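Observations on the three-dimensional arrangement
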Amino acid sequence: MQADLSPVIAATAQWLTRSFPATGGALASALCEVQARQAVTVAAWLRYPTEMDAALLGVAGPGGSARLDWVTGADTAPGDETDAHAWRTWVDEVVASWAASLLTDPELAVQAVAALAEGIHSSGTHAEFRRLVSPDDSDRRAAALLRHPDLLAPVAELHHTQLLDRLNPGRALIA
């Protein structure tokens, strides 16, 4: 893959783990981060399925976290240094919304990972998303806030319909 989605994946996963932090110590933080990164990776690969899509993201930019911060009530204080939060400009709102949907809906997560099988992102590599699609008890405890449907609903609902359209492109329109 020529175009690199890693800045968007890293920033969006960081936004999720800061907004919905782990409950516990260092191990819980690591488990929560892995789950967020897996969900964001799947969402980014679905959102930008071709090299051209990823390249256009590099040109246009992902948009930043301003709306997500507003929706979750995590707006930065007026006195915050802009440079300290520059990473937030790499947050992709749609990817965060799709990742939130995947984290709160196990069946949707399985469907999304299966949809990646034919994509260019997974060709030539073996990507495993076990902590996303089948978390164990320690994963669930560590990411209790990150996987809580009520807490993530405002974020997940932003672009949920687009995710469903991406996963079910041939579904019939019902009037």
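Residues numbered from 1 in each chain as written. Predicted model: local features only at pLDDT ≥ 70, side-chain atom pairs only at ≥ 80, totals over all residues. Heavy atoms only, no water.

1. Examining the packing of helix H5 (residues 93-104) against helix H9 (residues 149-156)
Defined as follows: A fitted line through C-alpha atoms represents every axis, and for helices the fit uses only the stretch in contact; the resulting angles, taken between N-to-C directions, go from 0 to 180 degrees. A helix here means a DSSP run of H or I that spans at least four residues, while a strand means a run of E at least two residues long, and both kinds are numbered starting from the N terminus. Between 65 and 115 degrees an angle is taken as roughly perpendicular, under 35 as roughly parallel, over 145 as roughly antiparallel, and anywhere else as oblique. Here is the rule for handedness: rotate from the far helix to the near one, and if that takes an anticlockwise turn smaller than a right angle the crossing is left-handed, while a clockwise turn gives right-handed. In this description, contact between two residues means that some pair of their heavy atoms is separated by no more than 4.5 Å. Here the nonpolar group is Ala, Val, Leu, Ile, Met, Phe, Trp, Tyr, Cys and Pro; Asp, Glu, Lys and Arg are the charged ones; every other residue, Gly included, is treated as polar.
Contact geometry of H5 with H9 gives a least axis separation of 8 Å together with a crossing angle of 150°. By the criterion of interaxial angle, the relationship of H5 to H9 is roughly antiparallel. Regarding H5 and H9, the two cross each other, and that crossing is left-handed. Residue-level contacts link Ala 96, Ser 97, Ala 100, Ser 101, Leu 103 and Thr 104 of H5 to Pro 149, Leu 152, Val 155 and Ala 156 of H9. Split into classes, the residues belonging to the contact of H5 with H9 amount to seven nonpolar, three polar and no charged.

2. A short note on the nonpolar core
Cut-off, in case you're wondering: Here, the term nonpolar core denotes a set of buried Ala, Val, Leu, Ile, Met, Phe, Trp, Tyr and Cys residues that are joined through side-chain atoms within 4.5 Å. Relative accessible area decides the class of each residue, using a 1.4 Å probe on protein chains only: under 20% of the type maximum gives buried, over 50% gives exposed, and in between gives partly exposed.
Core analysis: the largest hydrophobic core is formed by 44 residues, its most contacted members being Leu 16 and Leu 102. Put simply, the parts of the chain that give this core at least two residues each are helix H1 (6-19), helix H2 (26-47), helix H3 (51-60), H5, helix H6 (106-115), H9 and helix H10 (160-167). Sort the elements by how many residues they give to this core and H2 lands first, with nine residues. Leu 16 has contacts with Ala 36, Val 40, Ala 99, Leu 103 and Leu 146, leaving out every residue within four places of it along the chain.

3. Looking at H1
Spelled out, the test is: Any helix carries an expected span of 1.5 Å times its number of residues minus one.
With 14 residues, H1 extends 20 Å between its outermost C-alpha atoms, agreeing within 8% with the 20 Å of an ideal straight helix rising 1.5 Å per residue. Of all the positions in H1, only Val 8, Ile 9, Ala 11, Thr 12, Ala 13, Trp 15, Leu 16 and Thr 17 are classed as buried. In this fold, the buried residues of H1 make contact with H2, H3, helix H4 (66-72), H5 and H9.

4. A few points about the side chain of Asp 139
Our working definition: By the criterion applied in these results, polar contacts are pairs of N or O atoms within 3.5 Å in which, for protein atoms, one can donate a hydrogen and the other can accept it, and in which residues neighboring in sequence qualify only through two side-chain atoms.
With respect to the secondary-structure elements, Asp 139 resides in helix H8 (residues 137-142). At 2.7 Å, the side chain of Asp 139 forms a polar contact with the side chain of Arg 131. Excluding its chain neighbours within four sequence positions, the residues that come into contact with Asp 139 are Leu 31, Gln 35, Arg 130 and Arg 131.

5. Quick notes on the packing of aromatic side chains
The condition is simple: Centres within 6.5 Å are what make two rings of Phe, Tyr or Trp a pair, Trp counting through its six-membered ring; a difference in plane orientation under 30 degrees is then read as stacked, over 60 as edge-to-face, and the rest as tilted.
For the coordinates displayed, the defined rule picks out two aromatic pairs. Between the aromatic rings of Trp 45 and Phe 129, the centroid separation amounts to 5.9 Å while the plane-to-plane angle is 85°, which identifies the pairing as edge-to-face. Of this pair, Trp 45 sits in helix H2 while Phe 129 sits in the loop between H6 and helix H7 (130-133), placing them 84 residues apart in sequence. Since its relative accessible area comes to 15%, Trp 45 is described here as buried.

6. What to know about the pattern of salt bridges
Definition in use: Salt-bridge detection follows one rule: a side-chain nitrogen of Lys or Arg within 4 Å of a carboxyl oxygen of Asp or Glu.
A full pass over the atoms with the stated rule returns five salt bridges. The partner of Glu 93 in a salt bridge is Arg 67, with the nearest N and O atoms 2.7 Å apart. Here Arg 67 lies in helix H4 and Glu 93 lies in helix H5, a separation of 26 residues in the sequence. Linking Asp 139 and Arg 130 is a salt bridge whose minimum nitrogen-to-oxygen distance equals 3.9 Å. Overall, the relative accessible area of 29% leaves Arg 130 in the partly exposed class. Residues joined by salt bridges that share partners form a network here, namely Arg 130, Arg 131 and Asp 139.

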